[in-house]
Amino acid sequence: MDSTSGVGVLDKAAQVLTALEQGPTTLAGLVTATGLARPTAHRLAVALEHHRLVSRDLQGRFVLGPRLTELASAAGEDRLLATAGPVLTRLRDITGESAQLFRRQGEYRICAAAAERPAGLRDTIPVGTQLTMSAGSAAQVLLAWEDPERIQRGLTHATFSAVALSTVRRRGWAQSVAEREPGVASVSAPVRSPAGKVIAAVSVSGPIERLSRQPGRLHAPAVMAAAERLSEVLRRTGGEG
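Conventions we followed
Residues numbered from 1 in each chain as written. Predicted model: local features only at pLDDT ≥ 70, side-chain atom pairs only at ≥ 80, totals over all residues. Heavy atoms only, no water. UniProt positions renumbered as here; feature names shortened; annotations may be inferred. Helix = DSSP H or I, 4+ residues; strand = E, 2+ residues; numbered from the N terminus. Salt bridge = Lys/Arg side-chain N within 4 Å of Asp/Glu carboxyl O. Buried < 20%, exposed > 50% of the residue type's maximum accessible area, 1.4 Å probe, protein only. Axes fitted to C-alpha atoms, helices over the stretch in contact; angles between N-to-C directions. Parallel < 35°, antiparallel > 145°, perpendicular 65-115°, else oblique. Contact = heavy atoms within 4.5 Å. Nonpolar A, V, L, I, M, F, W, Y, C, P; charged D, E, K, R; others polar. Phe/Tyr/Trp six-rings, centres within 6.5 Å; stacked < 30°, edge-to-face > 60°. Lys NZ or Arg CZ within 6 Å of the ring centre and 35° of its normal. Expected span 1.5 Å × (residues − 1). Bend = angle between axes of the 7 residues up to and from the residue.

A. Highlighting the UniProt feature "domain: HTH iclR-type" (unreviewed entry) in the protein chain. If you check UniProt for "domain: HTH iclR-type" (unreviewed entry), the listed places come out as residues 7-66 in our numbering. In the segment residues 7-66, helix accounts for 58% and strand for 10%; the C-alpha atoms at its two ends are 25 Å apart.

B. Focus on the pattern of salt bridges. This model, assessed by the stated rule, comprises 12 salt bridges. A salt bridge links E49 to R56; its shortest N-O distance comes to 3.1 Å. For E49, a relative accessible area of 27% puts it in the partly exposed group. A salt bridge links E107 to R61; its shortest N-O distance comes to 3.3 Å. With E107 in the loop between β3 (98-105) and β4 (108-115) and R61 in the loop between β1 (54-56) and β2 (62-64), this pair connects stretches of sequence that are 46 residues apart. For R61, a relative accessible area of 16% puts it in the buried group. What emerges from the salt-bridge pattern is a single network uniting E228, E232, R235 and R236.

C. Just the packing of helix α1 (residues 8-20) against helix α3 (residues 38-50), in detail. Here α1 crosses α3 at 80°, and the two axes come no closer than 10 Å. Of the possible angle classes, the one that applies to α1 and α3 is roughly perpendicular. Residues V9, K12, A13, V16 and L17 of α1 pack against T40, L44 and L48 of α3. Across the contact of α1 with α3, the residue classes tally to six nonpolar, one polar and one charged.

D. Geometry of the packing of aromatic side chains. According to the stated counting rule, one finds zero aromatic pairs in the structure shown. The ring of W173 is capped by R171, whose NZ or CZ atom sits 3.8 Å from the centre of that ring. Residue placement shows R192 over the ring face of W145; its charged tip is 4.8 Å from the ring centre.

E. How the structure looks around helix α10 (residues 215-237). In this model, α10 (23 residues) spans 32 Å end to end at C-alpha, consistent with the 33 Å of a helix rising 1.5 Å per residue. The sharpest bend along α10 reaches about 35° and sits at P221. Where α10 is concerned, the buried positions are P215, G216, H219, A220, A222, V223, A226, A227, L230, S231, V233 and L234. Taken together, the buried residues of α10 touch α5 (79-95), β3, β6 (174-177), β7 (184-192), β8 (198-207) and α9 (208-211).

Now the structure itself:
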């Protein structure tokens, strides 16, 4: 089938977004992936960035923007996001801590949904926030079940080790204490597609003073139960293959 719509600027913008699906990309990388002239690729990427369909990482590379997650949620086509809201709200109410759903995007993880603790000291992570894959319990979960080569690459600058990821796979959850941010602890568990692939991580996070230096002892059962509820929804609906 012809991949062009007849509206040239939209076709080219779609090429840029498709190229970014593979992860963070430089302008030179966009030119190579799309075949567009350098000025055209730059103009389109900057225009898409203005509309939050594209954003930049800390190295200035282009990445898919948070507006795409918002649109997918609003369209109701994403069963995971559609179900995440009430599941995260219940997890927040059970644990008394902020709850999040993270998805991996290239070398980063994106907060796709969140339920914030309503008051008091809390770890606030707005939807659309881009965080590192080198620290934090959600990063551990999103990396632990990858293929060995990708795990090895992911460990290059990570604050956690291969032994830690082995422990995550064995017990089915991860914890972190002051890994991503001083004073913050978290617990995460994997959400799986019907095929068994880890596609997201459910987390709770908050101050070490409340979660302690062994946050998994407090909250791992609740976090794992929430992740399993989301996995079960995907199994029933056949979503996120």
